[in-house]
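Structural overview
This is what each chain is made of:
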Amino acid sequence: PDLRWIDDPSNAATEFDRNYLRREVLPHLASRWPSVGKRLRRSALLASEASGLLDDLAEIDLAAVSGPAGTSMLGIEELSALSGARQRNALRRALRRLELPVAPGSCLTEIVERLVPARGDATPVVSWPGAEARRYRDNLFLLPTLPAVASSTDQRLVPDHPVQLGPGLGALTLVEHDGSGIDPELV
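This write-up is about the structure you can find in this document. Nothing here was measured: the structure is a model prediction, and the numbers come from that model.

**So, the packing of helix H2 (residues 36-65) against helix H4 (residues 84-97)**
Packing of H2 against H4 leaves a shortest axis separation of 9 Å and a crossing angle of 90 degrees. In terms of orientation, H2 lies roughly perpendicular with respect to H4. Together, Leu-54, Asp-55, Leu-57, Ala-58, Glu-59, Asp-61 and Leu-62 of H2 and Arg-86, Asn-89, Ala-90, Arg-93, Ala-94, Arg-96 and Arg-97 of H4 make up the contact between the two elements. Considered class by class, the residues forming the contact of H2 with H4 number six nonpolar, one polar and seven charged.

Quick look at the structure:
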């Protein structure tokens, strides 16, 4: 109740899209179509409702195509059974669920048209800033973009001395033991 009105001068600056629409475009539309505000509110309400329904459908589809809970793995066969639009919708929802950047529409289309139908022995990748989709065998993986790893030919695995693979990628260690395994000379 002790609130006072504050007039923010940036609200008058028409270089901002929201202000330009409010000050320049909407008055012209309202002069031609007096109920434009009411119709825009109705359209926004319907769009919000449709968005909620798409989220609900994506959850249903993800339940059918997802691997073990908490993983980024989607089954190719199950994903292929959905229409292209439902595949893209499920992918958007899966990316949000994994807290990965949502892919641009062109990347979602490339995943649906190139990765999903790829041969099982292919390893295609679609990348966008901060994330990527990879096919491996019969699964699609949604992953954060991995840091580049400098290749080195002078790295050798020596028993009990780990070789670091790079940030977030872990290490390899050669451990000697009796029985079958990898021949140290081959390593």
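**Here's the deal with the pairing of strand S2 (residues 125-128)**
Here S2 shows a clear split, with Val-126 and Trp-128 buried on one side and none of Val-125 and Ser-127 buried on the other. For S2 and strand S3 (residues 131-136), the ladder comprises four bridges, and the chain directions are antiparallel. Bridge pairing in S3 places Ser-127 opposite Glu-132.

**So, the environment of Ala-131**
For Ala-131, the location among the structural elements is in strand S3. Here Ala-131 falls in the buried class, since its relative accessible area comes to 0%. Residues Ala-131 and Thr-145, 14 residues apart in the sequence, show an inter-C-alpha distance of 4.5 Å.

**Digging into unusual backbone geometry**
Despite not being glycine, Glu-99 has its phi angle at roughly 60 degrees, a positive value. Turning to its location among the elements, Glu-99 is positioned in the loop between H4 and helix H5 (105-115). Accessibility expressed as a relative area gives 73% for Glu-99, which makes it exposed. Phi angles above zero are rare outside glycine, and Arg-137 is one such case at about 55 degrees. Considering the arrangement of structural elements, one finds Arg-137 in the loop between S3 and strand S4 (139-144). A relative accessible area of 54% places Arg-137 in the exposed class.

**Looking at the packing of aromatic side chains**
Aromatic ring pairs are reported here in terms of the distance separating the ring centres and the angle at which the planes meet. One pass over the full model with this rule turns up zero aromatic pairs. Here the guanidinium or amino end of Arg-18 rests over the ring plane of Phe-16, the centre of that ring lying 5.3 Å away.

**What to know about the nonpolar core**
One finds Leu-91, Ile-111, Trp-128, Leu-140 and Leu-142 to be the most contacted residues of the largest nonpolar core, which totals 24 residues. At the level of secondary structure, the elements contributing two or more residues to this core comprise H2, helix H3 (76-80), H4, H5, S2, S3 and S4. Among the elements that take part in this core, H5 stands out by supplying five residues, more than any other. Each residue touching Leu-142, except ones within four places of it in the same chain, is listed here: Ser-72, Leu-74, Leu-91, Ala-94, Leu-95, Leu-98, Leu-100, Glu-132 and Ala-133.

**Overview of the sheet that holds S4**
The strand order across the open sheet formed by four strands is S1-S4-S3-S2, and the pairing between neighbours is antiparallel. What marks the edges here is a single partner per strand, and that holds for strand S1 (73-75) and S2. Strand-to-strand twist of the sheet, defined as the mean angle between neighbouring strand axes without regard to direction, takes the value 20 degrees. The sheet contact formed by S3 and S4 spans six bridges and is antiparallel. For Arg-134, the partnering residue across the bridge sits in S4 and is Phe-141. On top of the sheet, H4 reaches S1, S2 and S4; it is set at about 40 degrees to S4, its chief contact. Seen against the sheet, H5 touches S2, S3 and S4 and runs at an angle of roughly 175 degrees to S2.

**Section: H4**
Over its 14 residues, H4 extends 20 Å from the first C-alpha to the last, a length consistent with the 20 Å expected when each residue adds 1.5 Å. Of the positions making up H4, those classed as buried are Gln-87, Asn-89, Ala-90, Leu-91, Ala-94 and Leu-95. Of the surrounding secondary structure, the elements contacted by the buried residues of H4 are H2, S1, H3, H5, S2 and S4. A positive backbone phi angle near 60 degrees is found at Glu-99, which sits one or two residues after H4.

Cut-off values and rules
Residues numbered from 1 in each chain as written. Predicted model: local features only at pLDDT ≥ 70, side-chain atom pairs only at ≥ 80, totals over all residues. Heavy atoms only, no water. Axes fitted to C-alpha atoms, helices over the stretch in contact; angles between N-to-C directions. Helix = DSSP H or I, 4+ residues; strand = E, 2+ residues; numbered from the N terminus. Parallel < 35°, antiparallel > 145°, perpendicular 65-115°, else oblique. Contact = heavy atoms within 4.5 Å. Nonpolar A, V, L, I, M, F, W, Y, C, P; charged D, E, K, R; others polar. Buried < 20%, exposed > 50% of the residue type's maximum accessible area, 1.4 Å probe, protein only. Pairing = 2+ DSSP bridges. Phe/Tyr/Trp six-rings, centres within 6.5 Å; stacked < 30°, edge-to-face > 60°. Lys NZ or Arg CZ within 6 Å of the ring centre and 35° of its normal. Core = buried A, V, L, I, M, F, W, Y, C linked by side-chain atoms within 4.5 Å. Expected span 1.5 Å × (residues − 1).

These results come straight from atomic positions and should not be treated as a statement about function.
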